[in-house]
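In case you want the letters, here they are:
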Amino acid sequence: MYIDREKAGKVFEDFLASYDLNNKDIRMKAVHTRKVAENCDAIAEAEGLDRDLAWLLGLVHDIGRFPQLAQFDTFWDLASLDHAEAGAEMLFGSRKMIGLFTEQEEFYPLIRDAVRWHSAYRLPVEMDQEHRIYADLLRDADKLDIFRVFGDRPPHEIYRCSEEEFLAGKISEGVMTAIRGLSSVSHQLKKSPVDRYAGILSLIFELRFAKSGKMAAEQGYYQRLFTPSFTDPDTVESIREIRNLAESFTGTIENN
Ligand SMILES: [Fe+2]
């Protein structure tokens, strides 16, 4: 596919202009969008995939976040709306915003699938093989930048609890069981702020492309997530275990 990136970038900027750019969460998602598009491009280049298509997926993937923030002032889908579904609807529903970014309609079904499923716990089993490749690529690119975003703010601020409470927290057994199976953690298993933090750490096990593992190691954002000094000895031990698993996992996918 061919994309005029400058033109598509301008469409995105014009879209953003209708939102409150004084809101730091809006600005954060605008930066996130750009970074995910760059990550998509880098993964596609390394894996011999369509770079323009990948870049475009990054650019449009979180378009549903902006109305979500404007209406509900939260990123929590369960308490507001499914931002991925909302994004797919904005792009492909009656507003057909996708036409502003590209007129190459043959790519619409793939773009729609990638946006719709980018934040799901798992991709639907029946997804078309090519759609799956690009959906996986977008999910990898998104996770790499989630590591950056979460490392930028103190965890207790993200999870809206006191620092003491966060650092004294324990990781639930179900969360550790999922992680030992080299899996991310489903929402139902997360019972505390530290569980949610461990859930972010567990996203590393969902990376699918060798380049993504390499990027996680090189970018250094993932390693920065291990800064908190927990006060509970069991938690310290669990975090050490997660770190070891993550290091050997990224080594494994890098050597694919
Ligand atoms: Fe998203």
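Since this is a predicted model, take the numbers as computed values, not measurements.

A look at the overall build of the protein
So, point 1. Helices and strands together make up the secondary structure of the protein, namely 15 helices and 0 strands.
So, point 2. For the protein, the C-alpha radius of gyration of 18 Å lies close to 18 Å, the compact-globule estimate for 256 residues.
So, point 3. Oriented by its inertia axes, the alpha-carbon framework of the protein measures out at about 55 × 40 × 30 Å.
So, point 4. Taking all 256 residues of the protein together, 36% fall into the buried category.
So, point 5. Nonlocal contacts in the protein, meaning residues at least 24 apart in sequence, comprise 64% of its contacts between residues at least 6 apart.

Some details on the domain arrangement of the protein
So, point 1. Per the domain assignment, the segments of the protein are domain 1 (1-141) and domain 2 (153-256).
So, point 2. Taken residue by residue, the interface counts 10 residues in domain 1 and 8 residues in domain 2.
So, point 3. In terms of residue count, the dominant contributor to the side of domain 1 that touches domain 2 is helix 2 (residues 24-47) (5 residues).
So, point 4. Classifying every residue of the side of domain 1 that touches domain 2 gives 5 nonpolar, 1 polar and 4 charged.

Looking at the nonpolar core
So, point 1. Counting residues in each nonpolar core, the largest one holds 60 residues, and the members touching the most others are C40, L57, Y134 and L137.
So, point 2. Of the residues that make up this core, three or more belong to each of domain 1 (1-141) and domain 2 (153-256).
So, point 3. Once you skip the residues sitting within four places of it in the chain, C40 turns out to touch A54, W55, L57, G58, L137, L138 and A141.

Let's talk about the environment of S186
So, point 1. By the secondary structure assignment, S186 is in the loop between helix 11 (173-180) and helix 12 (193-202).
So, point 2. Residues S186 and V175 lie 11 residues apart in sequence; the distance between their C-alpha atoms is 8.4 Å.

Section: helix 2
So, point 1. Across its 24 residues, helix 2 extends 34 Å between first and last C-alpha, which sits within 8% of the 34 Å expected from 1.5 Å per residue.
So, point 2. Residues of helix 2 that are buried include every one of K29, T33, V36, A37, N39, C40, D41, I43 and A44, and no others.
So, point 3. Next to the buried residues of helix 2 lie helix 3 (51-60), helix 4 (65-72), helix 8 (129-152) and helix 13 (210-219).
So, point 4. One or two residues past the end of helix 2 sits G48, with phi positive at roughly 70°.

Describing unusual backbone geometry
So, point 1. With a phi close to 45°, K96 is a non-glycine residue in the positive phi region.
So, point 2. Its place among the elements puts K96 in the loop between helix 5 (83-92) and helix 6 (98-101).
So, point 3. Look at L182: it is not a glycine, yet its phi comes out positive at around 55°.
So, point 4. Position of L182 among the secondary structure elements: in the loop between helix 11 and helix 12.

So, the environment of E173
So, point 1. Summarising the element assignment, E173 is placed in helix 11.
So, point 2. For E173, a count of 10 C-beta atoms within 10 Å corresponds to the exposed category.
So, point 3. A sequence separation of 22 residues divides E173 from D195, and the C-alpha atoms of the two residues are 9.6 Å apart.

Cut-off values and rules
- Residues numbered from 1 in each chain as written.
- Predicted model: local features only at pLDDT ≥ 70, side-chain atom pairs only at ≥ 80, totals over all residues.
- Helix = DSSP H or I, 4+ residues; strand = E, 2+ residues; numbered from the N terminus.
- Rg over C-alpha atoms; globule rule 2.2 N^0.38 Å.
- Buried ≥ 20, exposed ≤ 12 C-beta atoms within 10 Å, placed from the backbone.
- Contact = placed C-beta atoms within 7 Å.
- Domains from an automatic or database assignment.
- Nonpolar A, V, L, I, M, F, W, Y, C, P; charged D, E, K, R; others polar.
- Core = buried A, V, L, I, M, F, W, Y, C linked by C-beta atoms within 7 Å.
- Expected span 1.5 Å × (residues − 1).

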